[in-house]
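Chain by chain, the residues:
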Amino acid sequence: MALASSSEPELAPRNVALIPGYNEGPRIGIVVRAALEHLPVIVVDDGSSDDTAARAREAGATVIEQRPNQGKGAALRAGFRRAIDAGYDAVLTLDADGQHDPTEIPRFLEAWAVEPSPDLVIGRRNFRAMPPMRRLSNELGGRAFSWAVGRPIPDNQSGYRLVSRRLMEATLGSDEGGFEFEVEMITTCIRLGGMIAWVPIRTIYAGEPSHIRPLAHLRSFIRIVRQARREIRSPLG
């Protein structure tokens, strides 16, 4: 008589797409529907004054409404908390404005499926396909941040990435509100000893107005680079 196995069947990882959005009513539905072809979707409406939340729900997303507007970093952490509470193993983050192609989601899932799994998979953009000023700022910023953390980081501001549950939990104490949170996330991953993987992604610019204020962005980036340098040099507390 055969003995029954005492081991439980291994469950497939549970992943979810997370889309922060601010006044993206005209575009959010298209992005949500495309992402749903691959993963369930959480949208964090970060204090929009338009119909972003309603359009996201109509498209099939679970929606968190964050009031007032608190910035992309805060929106991502709100989504991380929801994903952690729901038992997800990883979150795939992408922007609501159409600059990330949801058909590329399988690339991230494949990169994360290796053993050992990386804690962070970042979509690497082709800087040569960017408008000249964005190309220059990304190239210079990449060199500065790579120097700060002591290793090559080809694209530190890409918002198209997959984040493990362990790294999500490690970032919840951050108080960075804007894009700085995504840069800080890389520093946190390195200090945890986590592995970072890269996948090539399309670089899409369709002429939408940017929310970035250049001078404020530069000041914030210099601050986050200095902070990264200090943290990488100091022992992990």
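Coordinates for the structure precede this section.
Definitions and cut-offs
- Residues numbered from 1 in each chain as written.
- Predicted model: local features only at pLDDT ≥ 70, side-chain atom pairs only at ≥ 80, totals over all residues.
- Heavy atoms only, no water.
- Core = buried A, V, L, I, M, F, W, Y, C linked by side-chain atoms within 4.5 Å.
- Buried < 20%, exposed > 50% of the residue type's maximum accessible area, 1.4 Å probe, protein only.
- Helix = DSSP H or I, 4+ residues; strand = E, 2+ residues; numbered from the N terminus.
- Contact = heavy atoms within 4.5 Å.
- Pairing = 2+ DSSP bridges.
- Right-handed = clockwise from strand over helix to strand, strands pointing away.
- Axes fitted to C-alpha atoms, helices over the stretch in contact; angles between N-to-C directions.
- Parallel < 35°, antiparallel > 145°, perpendicular 65-115°, else oblique.
- Left-handed = near helix turned anticlockwise from the far one by under 90°.
- Nonpolar A, V, L, I, M, F, W, Y, C, P; charged D, E, K, R; others polar.
- Expected span 1.5 Å × (residues − 1).
- Arc of directions from axis to C-beta.
- Patch = residues over 30% accessible without salt bridge, like charges linked within 9 Å, V, L, I, M, F, W, Y side chains within 5 Å.
- Areas by Shrake-Rupley, 256 points an atom, 1.4 Å probe, with all protein chains shown as cover.
- Salt bridge = Lys/Arg side-chain N within 4 Å of Asp/Glu carboxyl O.

Caption draft 1: Highlighting the nonpolar core. Judged by nonpolar contacts, the single largest core of 34 residues is most densely connected at Phe-80, Leu-120, Phe-145, Ile-186 and Ile-196. When residues of this core are traced back to their parent elements, those giving at least two are strand E1 (15-21), strand E2 (41-46), helix H3 (72-85), strand E5 (120-124), helix H5 (132-149), helix H6 (165-171), helix H7 (180-192) and helix H8 (214-233). Aside from chain neighbours lying at most four places away, what touches Leu-120 is Arg-161, Leu-162, Val-163, Leu-167, Met-185, Ile-186, Cys-189, Met-195, Ile-196 and Ala-197. By size, the runner-up hydrophobic cluster in this structure holds 28 residues, among which are Leu-94, Trp-112, Val-199 and Ile-201.

Caption draft 2: Quick look at the pairing of strand E3 (residues 62-66). Inspection of the sheet shows E2 paired to E3 by five bridges, in the parallel sense. By the bridge assignment, Val-43 is partnered in E3 with Val-63. As a crossover connection, the stretch from E2 through helix H2 (residues 52-59) into E3 is right-handed.

Caption draft 3: Fine view of the packing of helix H1 (residues 25-35) against H2. Between H1 and H2, whose axes approach to 8 Å, the crossing angle comes to 25°. Taken together, the axes of H1 and H2 are roughly parallel relative to one another. Here the hand of the crossing between H1 and H2 comes out right-handed. Along its contact with H1, which presents Gly-25, Ile-28, Gly-29, Val-32 and Arg-33, the element H2 presents Thr-52, Arg-55, Ala-56 and Ala-59. Grouping the constituent residues of the contact of H1 with H2 by class yields four nonpolar, three polar and two charged.

Caption draft 4: View of H5. A rise of 1.5 Å per residue sets the reference length of H5, with its 18 residues, at 26 Å; its end C-alpha atoms lie 26 Å apart and thus fit the reference within 8%. Looking at H5, one finds that the buried residues are Asn-138, Gly-141, Gly-142, Phe-145, Ser-146, Ala-148 and Val-149. Seen end-on, H5 carries its buried residues on one side only, within an arc spanning 150°. When the buried face of H5 is taken as reference, the exposed residues oriented beyond 90 degrees from it are Pro-132, Met-133, Arg-143 and Trp-147. Following H5 by one or two positions, Gly-150 adopts a phi angle in the positive range, close to 75°.

Caption draft 5: Seen up close, the side chain of Glu-182. In this fold, Glu-182 is placed in helix H7. Judged by its relative accessible area of 3%, Glu-182 is buried. Once residues lying within four places of it in the same chain are set aside, the contact partners of Glu-182 are Lys-72, Leu-76, Asn-156, Ser-158, Gly-159 and Arg-161.

Caption draft 6: Structural view of the sheet that holds E3. Strand order across the open sheet formed by seven strands is E3-E2-E1-E4-E6-E5-E7, with mixed pairing between neighbours. Sheet topology places E3 and strand E7 (196-200) at the edges, where each strand pairs with a single neighbour. Taken over all neighbouring pairs, the strand axes of this sheet differ in orientation by 20° on average, direction set aside. Two strands pair when backbone bridges link them, and E5 and strand E6 (residues 161-164) are joined in this way by three bridges, in the antiparallel orientation. Opposite Leu-120, over in E6, you have Val-163 as the bridge partner. Where H1 meets the sheet, it contacts E1 and E2, and its direction lies at approximately 160° from that of E2.

Caption draft 7: Spatial organisation of a nonpolar patch on the surface. Together, Met-133, Leu-136 and Leu-140 give the surface a local cluster of nonpolar side chains, amounting to about 320 Å² of exposed area. Tracing the sequence through the fold places Met-133 in helix H5.

Caption draft 8: Structural detail: helix H4 (residues 105-112). Every buried residue of H4 is accounted for by Ile-105, Phe-108, Ala-111 and Trp-112. Down the axis of H4, the buried set is contained in an arc of 130°. They therefore lie on one face. Where H4 is buried, its residues meet E1, H1, strand E4 (90-93), E5, E6 and E7.

Caption draft 9: Geometry of unusual backbone geometry. Here Arg-67 and Pro-68 are connected by a cis peptide whose omega angle stands at -10°. You can see Pro-68 is positioned in the loop between E3 and H3. Cis geometry is found at the peptide bond from Glu-115 to Pro-116, where omega equals -5°. The topology assignment puts Pro-116 in the loop between H4 and E5. Not every positive phi belongs to a glycine, and Asn-23 is a case in point at roughly 55°. Residue placement: Asn-23 occurs in the loop between E1 and H1.

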